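# Summary of structural features
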Amino acid sequence: GRGLTPRQRRPGWGKIVAAEAADWHQAIFSASEADPDAGPTRSYLVWLEDGQPLPAEDGPFRLVTPTDKRGFRSLRQLTTFRVVDVRGSSRQLSD
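Here goes a summary of the coordinates provided. Keep in mind that this is a model prediction, so the values were computed, not measured.

Rules behind the numbers
Residues numbered from 1 in each chain as written. Predicted model: local features only at pLDDT ≥ 70, side-chain atom pairs only at ≥ 80, totals over all residues. Heavy atoms only, no water. Helix = DSSP H or I, 4+ residues; strand = E, 2+ residues; numbered from the N terminus. Buried < 20%, exposed > 50% of the residue type's maximum accessible area, 1.4 Å probe, protein only. Core = buried A, V, L, I, M, F, W, Y, C linked by side-chain atoms within 4.5 Å.

To continue, consider unusual backbone geometry. Both trends apply: most residues other than glycine have a negative phi, and most peptide bonds are in trans. The omega angle of the peptide bond from G59 to P60 is 15 degrees, so this bond is cis rather than trans. You can see P60 is positioned in the loop between β5 (52-53) and β6 (62-64). A positive phi angle is found at Q77, which is not glycine, with a value near 55 degrees. With respect to the helices and strands, Q77 occurs in the loop between β6 and β7 (78-85). Exposure remark for Q77: the relative accessible area of 30% places this residue in the partly exposed category.

By size, the foremost hydrophobic cluster in this structure holds 9 residues: V17, A19, A21, A27, F29, A31, L63, L75 and L78. Broken down by element, the residue count for this core peaks at 3 residues, all from strand β1 (residues 15-21).

What follows is the structure, given as structure tokens:
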């Protein structure tokens, strides 16, 4: 409501979640996509399959986004997962 700043109304506004795999593939999400009320995006950080650690070709961590029609934002061998504030910035994600 009333009296709230845009940041208070939308705490993820101006931030992105950047994930990167061992093969340099990146997946980018707006931080507000993590809010279940924002829309249908669902992503999961996975480290077990059937109670066992993921096989080396998939793990040790995997990012799975089953709500994407194609698997572009699902990553195997996840190496980096970070939240980046992009308000007023033209920074590149890769260092």
